[in-house]
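Each chain is listed here by its residues.
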Amino acid sequence: MTWWCVSGQGAFSWTPIAYPGVWLTVIAPVITYVLALQRRRRDPGVSRSDRRRSISFFAGMATYWIATDWPIATLGAGYLASMHMTQYLLYTLVASPLILAGLPDWMLTSMLRTLGLESAWRAVTRPLVAGLVFNGVLLVTHVPGVVDTFRANQFGSMTMDIVWLASGMIAWAPVLTPRLEDRPASAAFQALYLFLAIGVLPMVPGAFITFAGQPLYRTYELAPRVSSLSVLDDQQLAGALMKVSSMFIVWPVMAVLFYKAAERDRHSVTVGPSSEPSPVGSSASGARPE
Amino acid sequence: MIFVTTDPERDTPVALREWLNTFGSDVVGLTGTPQQIGVAQTAAGIASPTGTAPDSDGGYSVVHASQAIMFTPDDLTHIEYPFGTTRADWSADLELLSTRPDWMRA
């Protein structure tokens, strides 16, 4: 029984493969999330904000599942560099922000306190540190020797996937953390951070992969071919994905940040300073204006 | 680089070309009758391939040699590369092999 996607499995087949370890990492957080929400809902009513958060969380977990299960993860672990990159992008640009945005502040705080990680979380989600961690993980986990070694065994492959997801959550925390005290106040600063940390810096290794004249990853070079895509074409596609994909997410998020900041400014001018939302939110449920 | 099929029935010239293009358009593919291929394998000292029984869809696997045999300018083979040799290894080795005086044409 293979419980996590791994390289070296012979020719690729379109017959689905079961990965129980992957299912466990999907089911356990979802059940925990639902139970925690149910316990919480016994006291106050459920606000619209909570429902939006739940949708975001489940969408994030669904994306995580798609990226970690057959066929994407199978292809990414052992056959195609472009699928490996697709997995990375799904984790860091889609699943991570959706999951993070789907956690209510009380749930994230409770999780961090239970795990004893609250101060560590606060430290690594400072914009400069978060940017360095995200890009450091990106660099290290795309070094050929690291990919070839980690993808060759199930534990290594799982570690890589979990580290990607965690690095994505850290990267998005300065913009999306539900713990408002951890967020930089300025929308302009958040946008600049996103642009540099997630939008621009990944272009450098992306360019290196795109323009490499030789196959970089032994795993994908020696894998049985899945399609007519040559090893180098596949690698160039992977590099191009790394270079440009983030912009399709980062630019719209930056636009939303500026729009919301403008809306807040307009609201505060219209209503007056006495009705301005406090830094910790002003709605009945305690939810903050998003 | 020259690739010789061990399954001429399935590796038609068109199928062979299409597959080899995934490695590079300059890789030459060779095929022939099973007898011709058998003679070539014996001459090169390669074990004969064995096929598995066809499955319900008629598909089957062929277990065959996968090493690359390097012929040097003296028309002899002094070195074989097992499966797992990467393009970077070839690039580094080919330069060295082409300059060995004892493997040059007499």
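Before any of the text, the structure's been laid out above.
So, here's what we can say about the structure.

## Digging into the overall build of chain B
Along its length, chain B carries three helices and six strands. Counted from the first residue to the last, chain B has its helices and strands arranged as β-α-β-α-β-β-β-β-α. The 106 residues of chain B split such that 18% are buried. For chain B, the accessible area works out to roughly 7,300 Å², and carbon and sulfur atoms hold 60% of it.

## Some words on the nonpolar core
In terms of nonpolar packing, the biggest core is built from 56 residues, with A:Y64, A:M85, A:Y88, A:L103, A:W121, A:L194 and A:I198 touching the most fellow members. For A:Y64, the contacting residues outside a window of four places in its chain are A:W4, A:T25, A:V26, A:Y91, A:A95, A:I162 and A:L165.

## Looking at the pairing of strand β6 (residues 77-81) of chain B
Residues and elements named next belong to chain B. Across four bridges, strand β5 (residues 68-71) lies against β6 in antiparallel orientation. Note on β6: the bridge partner recorded for M70 is I79. Connecting β5 to the antiparallel partner β6 that follows it, the hairpin turn spans five residues, and D75 within it adopts a positive phi of roughly 65 degrees.

## Observations regarding the packing of aromatic side chains
All names here are of chain B. Taken as a whole, this structure holds 15 aromatic pairs over all chains when the rule is applied. Their ring planes at 65 degrees and their centres at 4.6 Å tell us that Y81 and W90 sit as a pair that is edge-to-face. Exposure class is identical for Y81 and W90. Each is buried. Lying across the ring of W103, R100 places its NZ or CZ 4.0 Å from the centre.

## So, the packing of helix α4 (residues 81-101) of chain A against helix α9 (residues 154-176) of chain A
Each pair of packed helices can be summarised by the angle the axes make with each other and by the distance between the axes. Residue and element names in this part refer to chain A. For the pair α4 and α9, the least separation of the axes is 8 Å and the interaxial angle reads 45 degrees. Taken as axis vectors, α4 and α9 run oblique relative to one another. For α4 against α9, the interelement crossing comes out right-handed. For the pair α4 and α9, contact is made by H84, Q87, Y88, Y91, T92, L93, A95, S96, P97, I99, L100 and A101 and by M160, D161, W164, L165, S167, G168, M169, W172, A173 and L176, respectively. Of the residues belonging to the contact of α4 with α9, the class tally is 15 nonpolar, six polar and one charged.

## Observations concerning unusual backbone geometry
Look at the link from A:W70 to A:P71: it is a cis peptide, with omega at 5 degrees. Along the chain, the position of A:P71 falls in the loop between α2 (48-68) and α3 (72-78). For B:D75, which is not glycine, the phi torsion reads 65 degrees and is therefore positive. Relative to the assigned elements, B:D75 resides in the loop between β5 and β6.

## Topic: the interface of chain B and chain A
If you look at the interface, chain B gives 11 residues, while chain A gives 12 residues. A combined buried area of about 900 Å² lies between chain B and chain A, and 56% of that area is made up of carbon and sulfur atoms. Counting the surface chain B buries against chain A, the share from its top three residues, B:T22, B:T86 and B:R87, is 55%. Our count for the chain B to chain A interface comes out at zero salt bridges. Along the contact surface separating chain B from chain A lie three residue pairs in polar contact (both at pLDDT 80 or more). Broken down by element, the side of chain B that touches chain A gets its largest block of residues, three residues, from helix α3 (residues 87-97) of chain B.

## Remarks on the pattern of salt bridges
Residue and element names in this part refer to chain A. With the rule as written, the count across this model stands at 10 salt bridges over all chains. Taking the shortest distance from any N to any O, the salt bridge between D182 and R179 comes out at 2.7 Å. Note on D182: relative accessible area 11%, which makes it buried. Judged by relative accessible area, which is 1%, R179 ranks as buried. Through salt bridges that share partners, R113, E118, R122, R179 and D182 make up one connected network.

## Some thoughts on a nonpolar patch on the surface
Residues and elements named next belong to chain A. The grouping of W23, I27, I31, L35 and W65 at the surface amounts to a nonpolar patch, some 490 Å² of accessible area in total. The element that contributes the greatest number of residues to the nonpolar patch is helix α1 (residues 20-41), accounting for four residues. Residue position: I27 is located in helix α1. On the basis of relative accessibility, which here comes to 46%, the residue I27 falls in the partly exposed class.

Reading guide: rules and limits
- Residue indices begin from 1 for each chain and proceed along its sequence in written order.
- Chain A is the first chain written and ligand 1 is the first ligand written, with later ones labelled in order.
- Only residues with pLDDT of 70 or above have their local features reported here, since the model is predicted, and side-chain atom pairs are shown and tallied only from 80 upward, although totals for entire chains, interfaces and linings are computed over all residues.
- The basis for every side-chain value is the complete set of non-hydrogen atoms in the structure, without hydrogens or water.
- Put simply, DSSP marks the helices as runs of H or I at least four residues long and the strands as runs of E at least two long, and each gets a number from the N terminus on.
- Each residue is placed in one exposure class: buried if its accessible area under a 1.4 Å probe, protein chains only, is under 20% of its type's maximum, exposed if it is over 50%, and partly exposed if it falls in between.
- Every accessible area reported is derived by Shrake-Rupley at a probe size of 1.4 Å, with residue values counting cover from the shown protein chains alone.
- The definition of a nonpolar core used throughout is a set of buried Ala, Val, Leu, Ile, Met, Phe, Trp, Tyr and Cys residues joined through side-chain atoms within 4.5 Å.
- Contacts are residue-level and defined by heavy atoms, with any inter-residue pair within 4.5 Å sufficient.
- Paired strands, in this sense, are two strands between which DSSP finds at least two bridges.
- For Phe, Tyr and Trp, rings pair up if their centres lie within 6.5 Å, where Trp contributes its six-membered ring, and each pair is then called stacked (planes under 30 degrees apart), edge-to-face (over 60) or tilted (otherwise).
- We call a charge positioned above a ring when the Lys NZ or Arg CZ atom is no farther than 6 Å from the ring centre and deviates by at most 35 degrees from the ring normal.
- Axis angles are defined between N-to-C directions and span 0 to 180 degrees, where every axis is a line fitted to C-alpha atoms and, for a helix, only to the segment in contact.
- Here roughly perpendicular refers to angles of 65 to 115 degrees, roughly parallel to angles under 35, roughly antiparallel to angles over 145, and oblique to all remaining angles.
- Handedness of a crossing follows from how the near helix is turned relative to the far one, being left-handed for an anticlockwise turn of less than a right angle and right-handed for a clockwise one.
- Under the scheme applied here, ten amino acids are nonpolar (Ala, Val, Leu, Ile, Met, Phe, Trp, Tyr, Cys and Pro), four are charged (Asp, Glu, Lys and Arg), and all others, including Gly, are polar.
- Summed over both partners, buried area is the accessible surface (1.4 Å probe) that two parts give up on being assembled.
- Salt-bridge detection follows one rule: a side-chain nitrogen of Lys or Arg within 4 Å of a carboxyl oxygen of Asp or Glu.
- Between N or O atoms, a polar contact is any pair within 3.5 Å; within protein, one atom must be a potential hydrogen donor and the other a potential acceptor, and residues adjacent in sequence are included only when both atoms are from side chains.
- Put simply, a patch holds well-exposed residues, over 30% relative accessible area, that have no salt bridge, with like charges counted together within 9 Å and Val, Leu, Ile, Met, Phe, Trp or Tyr side chains within 5 Å.

Purely spatial values, then, with no claim about function.
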